[in-house]
Amino acid sequence: MDSQILLFIRMSRPLFLLGGLLLFALGAGIARYLGAEIDWGIYFLGQAVVTTLQLSAQYLNEYFDSPADQENRNRTIFSGGSGAVGPGKISRNTVLLAAATALTVFSALIVLLISREILSPTIALLLALSFLGAFFYSTPPISLARSGYGELTTSILVSILVPTFAFLLQFGELHRLVAMSTFPLMPLHLAMMLEFEFPDYSADVKFEKNTLLVRMGWERAMNLHNTLIISAYLLLALAAMFGLPLPIVLPALLTLPLGLLQIWQMRRIAAGARPNWRNLTLTGIVLFISEVYLLAFAFWTR
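Let me begin by describing the structure that accompanies this report. Along every chain, residues carry numbers that run from 1 in the direction the sequence is written. A pLDDT threshold of at least 70 governs which residues receive local features in this predicted model, and a stricter bar of 80 or more applies before side-chain atom pairs are shown or counted, although totals over entire chains, interfaces and linings include all residues. Side-chain metrics in this entry use all non-hydrogen atoms of the structure; hydrogen atoms and water are not considered.

Considerations on the nonpolar core
So, point 1. Here the nonpolar core consists of buried residues drawn from Ala, Val, Leu, Ile, Met, Phe, Trp, Tyr and Cys, with membership extended through side-chain atoms lying within 4.5 Å. Here the term buried applies to any residue with accessible area under 20% of the maximum for its type, exposed to any over 50%, and partly exposed to those in between, with areas from a 1.4 Å probe on protein chains only. Core analysis: the largest hydrophobic core is formed by 73 residues, its most contacted members being Phe 24, Val 49, Leu 113, Phe 165, Phe 198 and Leu 244.
So, point 2. We call two residues contacting when some pair of their heavy atoms lies within 4.5 Å. When neighbours within four sequence positions are excluded, Phe 24 is seen to be in contact with Tyr 43, Gly 46, Gln 47, Val 50, Val 162, Phe 165, Ala 166 and Leu 169.
So, point 3. Among the nonpolar cores identified, the runner-up in size contains 14 residues, and Met 11, Leu 55, Ile 90 and Ala 99 belong to it.

Right, dumping it as structure tokens:
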């Protein structure tokens, strides 16, 4: 029983859930910075909506990708599936039941939001887009993860829509600071997703999973990865030029050395060095989460 619980926790990807917590806190922090008084009941309800949608997407991904994931010999703690599904572990039927349960709870939470009379047309549109992106990331017939577009849609959903949803729940209308703060996060998240796909490349090719990496090829994807990281910091500098306060921007620039480290690691692999996928994926997720944390911390403490 204990081993099953531990497998279930591993399948739920707690570190990815932490990313959702921080991104939601970022959106609410921007609202607080602009003078909104945080409604903690709405805050935790909104966070529950985000977390249950995350869990449903992760469980569906485990269910549909488990045959390919079991063939992956380069799995890291962040890529290649959780490794918690398969013979002697969690069954695929249990994973599907977990996904259905998470979606049921998500639906019940939406009903609660409606009952609180805060579900504006903009919030409803965000939730609809988020649900469609999360549900069809792995689910046929669309299966965005196998189309080469899933990485982009997920990066937009996670980096932009989640903070925007949290912001709207507290502030009620959109503000330019949300775009200035979240747009630089999107290329960092997309670069991180590419990093997760490199260890899975051979298994994805075998099972004809046309990820962005498979469709682009190694060389072009490596160049795109490096360009994305540079563009994130250029967008941050551009946001500062257009009014994002320096006390918000300067802490976010502290992650630049880590971003340069990622570029250096990718260039070494491109030059023929033996890849250390664990280090690449670990530093990738640390880079993204650190950037989100520093932005959120800056807004909450100003």
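Thoughts on the environment of Ser 130
So, point 1. Only DSSP runs of H or I with at least four residues qualify as helices, and only runs of E with at least two residues qualify as strands; both kinds are numbered from the N terminus onward. The residue Ser 130 is located in helix H5 (residues 121–135) in this model.
So, point 2. A relative accessible area of 9% places Ser 130 in the buried class.
So, point 3. A sequence separation of 94 residues divides Ser 130 from Ala 36, and the C-alpha atoms of the two residues are 24 Å apart.
So, point 4. Apart from residues no more than four positions distant in its own chain, Ser 130 is found in contact with Leu 53, Leu 157 and Leu 161.
So, point 5. Think of a polar contact as two N or O atoms within 3.5 Å of one another; within protein, one of them needs to be a possible hydrogen donor and the other a possible acceptor, and neighboring residues in sequence only count if both atoms come from side chains. A polar contact of 2.8 Å, which involves the side chain of Ser 130, links it to the backbone oxygen of Leu 126.

A look at the side chain of Gln 262
So, point 1. Among the secondary structure elements, Gln 262 is positioned in helix H13 (residues 256–270).
So, point 2. Accessibility expressed as a relative area gives 0% for Gln 262, which makes it buried.
So, point 3. Here Glu 195 takes part through its side chain, which lies 2.9 Å from a polar atom of the side chain of Gln 262.
So, point 4. Beyond its immediate sequence surroundings of up to four residues, Gln 262 is in contact with Glu 195, His 225, Ile 229, Leu 280, Thr 283, Gly 284 and Leu 287.

A closer look at the packing of aromatic side chains
Between two aromatic rings, the relevant description is the distance of the centres plus the angle of the planes.
So, point 1. Any Phe, Tyr or Trp ring, taking Trp's six-membered ring, that has another such ring centre within 6.5 Å forms a pair; planes under 30 degrees apart are called stacked, those over 60 apart edge-to-face, and the others tilted. If you walk through the whole model with that rule in mind, you get 18 aromatic pairs.
So, point 2. Whether a charge sits over a ring comes down to the Lys NZ or Arg CZ being within 6 Å of the ring centre and within 35 degrees of the ring normal. The lysine or arginine in question, Arg 92, covers the ring of Tyr 63, its NZ or CZ lying 4.2 Å from the ring centre.

Quick look at a nonpolar patch on the surface
So, point 1. On the surface, a nonpolar cluster with roughly 540 Å² of combined accessible area is contributed by Phe 183, Leu 235, Leu 238, Met 241 and Phe 242.
So, point 2. For Leu 235, the position within the fold is in helix H11 (residues 218–241). Excluding any residue in a salt bridge, patches collect residues exceeding 30% relative accessible area, merging like charges within 9 Å and nonpolar Val, Leu, Ile, Met, Phe, Trp and Tyr side chains within 5 Å. A 1.4 Å probe and the Shrake-Rupley method give the accessible areas. Residues count as covered only by the protein chains that appear here. For this document, the term salt bridge refers to a Lys or Arg side-chain nitrogen within 4 Å of an Asp or Glu carboxyl oxygen.

Digging into helix H4 (residues 92–115)
So, point 1. Every helix has an expected span of 1.5 Å times one less than the residues it contains. A rise of 1.5 Å per residue sets the reference length of H4, with its 24 residues, at 34 Å; its end C-alpha atoms lie 35 Å apart and thus fit the reference within 8%.
So, point 2. Listed as buried for H4 are Val 95, Ala 98, Ala 99, Ala 102, Leu 103, Phe 106, Leu 109, Ile 110 and Leu 113.

Here's the deal with the side chain of Gln 47
So, point 1. Along the chain, Gln 47 turns up in helix H3 (residues 40–71).
So, point 2. A relative accessible area of 7% places Gln 47 in the buried class.
So, point 3. For Gln 47, the residues in contact, after removing those within four places along its chain, are Gly 20, Leu 21 and Phe 24.

As for unusual backbone geometry
So, point 1. With an omega of 5 degrees, the peptide bond between Pro 140 and Pro 141 qualifies as cis.
So, point 2. Topologically, Pro 141 is positioned in the loop between H5 and helix H6 (150–171).
So, point 3. Positive phi, close to 60 degrees, is recorded for Glu 117, a residue that is not glycine.
So, point 4. Here Glu 117 is to be found in the loop between H4 and H5.
So, point 5. Of note, Ser 143 is a non-glycine position whose phi angle comes to about 45 degrees, a positive value.
So, point 6. Locating Ser 143 in the fold gives a position in the loop between H5 and H6.

Quick look at H13
So, point 1. Here H13 spans 21 Å end to end across 15 residues, near enough to the 21 Å set by a 1.5 Å rise per residue.
So, point 2. Against the buried residues of H13 lie helix H8 (185–197), H11 and helix H14 (277–300).
So, point 3. Trailing H13 by a residue or two, Gly 272 shows a phi angle of about 110 degrees, which is positive.

Some points on the packing of H5 against H6
So, point 1. Angles here are taken between N-to-C directions and fall from 0 to 180 degrees, while the axes themselves are lines fitted to C-alpha atoms, restricted in helices to the stretch in contact. Contact geometry of H5 with H6 gives a least axis separation of 10 Å together with a crossing angle of 150 degrees. As summarised for this structure, H5 and H6 are arranged roughly antiparallel, according to the angle between their axes. The hand of the H5/H6 crossing is left-handed. Residues Thr 122, Ile 123, Leu 126, Leu 127, Leu 129, Ser 130, Gly 133 and Ala 134 of H5 lie in contact with H6, whose contacting residues are Leu 157, Leu 161, Thr 164, Phe 165, Leu 168 and Leu 169. Just so you know how the angles are binned, under 35 degrees is roughly parallel, over 145 roughly antiparallel, 65 to 115 roughly perpendicular, and the rest oblique. The hand of a helix crossing depends on one turn: near helix anticlockwise from the far one by less than a right angle means left-handed, and clockwise means right-handed.

Any functional reading would require information beyond the geometric quantities listed.
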